[in-house]
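# Architecture and fold: a report
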Amino acid sequence: MHLKVRPDAVLVQAVIAGALSFAHLHDLAEAAGQDGWKAWAYPISVDLLLVAAWRRLRLLRDAGEPTRSAWTWFAVALAASLGANVATAGLLDLNAVPAWLRILVAGWPALAFLGGTLLVHSPAEEPAAAAPSAEHDHGQGDADTDAEPVREPDPEPAATGIAAPEPAPALPPPPPPTTAVPDALLAYGRKVADEHRARTGHPIDADTLRARLGVPAPMAHAIAAQLV
C-alpha cells in the first residue's frame, strides 16, 4: 500500500512566514548591539509571547472572562514582530541604528518576562479553581442531608399492663454546609462592596457581587454573608 503525501499549502506558508519574521527580528537585534546568541534569542522571545497571549486569549474567551489583558500582550508581541519586519525593509539603516531603538531592543527582555508572567499567573484562575470545589461540597452536603435514614415505626407493645417507653426525640437536621472562601477572594469582594456602597449609597447584594466577581451563586452568597 503506497501512501501519497500531499503538502499542506497553509502549513508551508506558515513556515516560510515564520522563518522570514525570525530572520528580521534577529537582524534588527544584531544591528541594535545584541550580538551572538542574544540576537537569536530575541525572535524566540517575541514568538513565544505571541503564542502565549493567543493561547491565554482563547482560554479566557471559552471561560467567558474578560480578555483585555491577553489582547494587550498579543498586540505588544505583534507590534514587535511587525516593527522588525518593517524596519529591515530598507526604511532603517541597520549600520546606524538610532538610540531610541537600541533602548527598545535592550528593554524588550524585561517587558517580555513581565507579559509572560502575567499571562501564566493570572488572579482570575483562583475563583475559577475554587468554584468547582465549593459546588462539589455544596452538592455533597445536600446529598447527605437528603439521604437521611427513614425511621420505622416502633412495634406496638403487647398488652402486659406495662407502659411502653416513649420514643427518643428526633435529632435536629445537620446545619447546611458552608462554602469556604479564599482570603484573597474575600478581600477583593470587600473592595468591590466598598466601591459599590461609595457609588450608590447602598450595600451590595449577592447577585451584583456574583456578576462583579464572576463566581458561582453559592460562593457569592458566602462572600456576601461575611461582608455583613
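Just above sits the structure.
A brief report on the enclosed structure follows. (Residues numbered from 1 in each chain as written. Predicted model: local features only at pLDDT ≥ 70, side-chain atom pairs only at ≥ 80, totals over all residues. Heavy atoms only, no water.)

## Here we look at the packing of aromatic side chains
- This structure, assessed with the given rule, holds three aromatic pairs.
- Taken together, a centroid distance of 5.8 Å and an interplanar angle of 45° make the contact between W54 and F74 tilted. Taken together, the residues W54 in helix α2 (residues 37-63) and F74 in helix α3 (residues 68-91) connect sequence positions 20 residues apart.
- Taken together, the ring pairs connect W54, W71 and F74 into an aromatic cluster. (Phe/Tyr/Trp six-rings, centres within 6.5 Å; stacked < 30°, edge-to-face > 60°. Helix = DSSP H or I, 4+ residues; strand = E, 2+ residues; numbered from the N terminus.)

## Regarding the nonpolar core
- Ranked by internal contacts, the top residues of the largest apolar core, which has 24 residues, are L49, V105, W108 and L119.
- When residues of this core are assigned to their parent elements, the largest contribution, seven residues, is made by α2.
- Once residues within four sequence positions are removed from consideration, L119 is found in contact with L49, A52, A53, R56, A70 and W73.
- Judged by nonpolar contacts, the second largest core, of 15 residues, contains V192, A206, V215 and I223. (Core = buried A, V, L, I, M, F, W, Y, C linked by side-chain atoms within 4.5 Å. Buried < 20%, exposed > 50% of the residue type's maximum accessible area, 1.4 Å probe, protein only. Contact = heavy atoms within 4.5 Å.)

## A short note on helix α6 (residues 183-200)
- With 18 residues, α6 should cover 26 Å at 1.5 Å per step; its first-to-last C-alpha distance of 26 Å lies within 8% of that length.
- Those residues of α6 that fall on the buried side of the exposure criterion are L185, L186, G189, V192, A193 and H196. Buried positions in α6, seen along its axis, are confined to an arc of 125° and lie on one side of it. Summarising the geometry of α6, the exposed residues directed more than 90 degrees from the buried face are D183, K191 and A198. (Expected span 1.5 Å × (residues − 1). Arc of directions from axis to C-beta.)

## A short note on the packing of helix α7 (residues 206-213) against helix α8 (residues 217-227)
- Following both chains from N to C, one finds α7 and α8 inclined at 115°, their axes separated by 9 Å at the closest point. For the pair α7 and α8, the sense of crossing is right-handed. Each of A206, L209, R210 and L213 in α7 lies in contact with α8, whose residues at this interface are A217, A220, H221, I223, A224 and L227.
- The residue inventory of the contact of α7 with α8, partitioned by class, reads eight nonpolar, one polar and one charged. (Axes fitted to C-alpha atoms, helices over the stretch in contact; angles between N-to-C directions. Left-handed = near helix turned anticlockwise from the far one by under 90°. Nonpolar A, V, L, I, M, F, W, Y, C, P; charged D, E, K, R; others polar.)

## Details of the pattern of salt bridges
- Summed over all chains, the structure comprises one salt bridge.
- Between D35 and K38 there is a salt bridge, with its nearest N and O atoms 3.9 Å apart. (Salt bridge = Lys/Arg side-chain N within 4 Å of Asp/Glu carboxyl O.)

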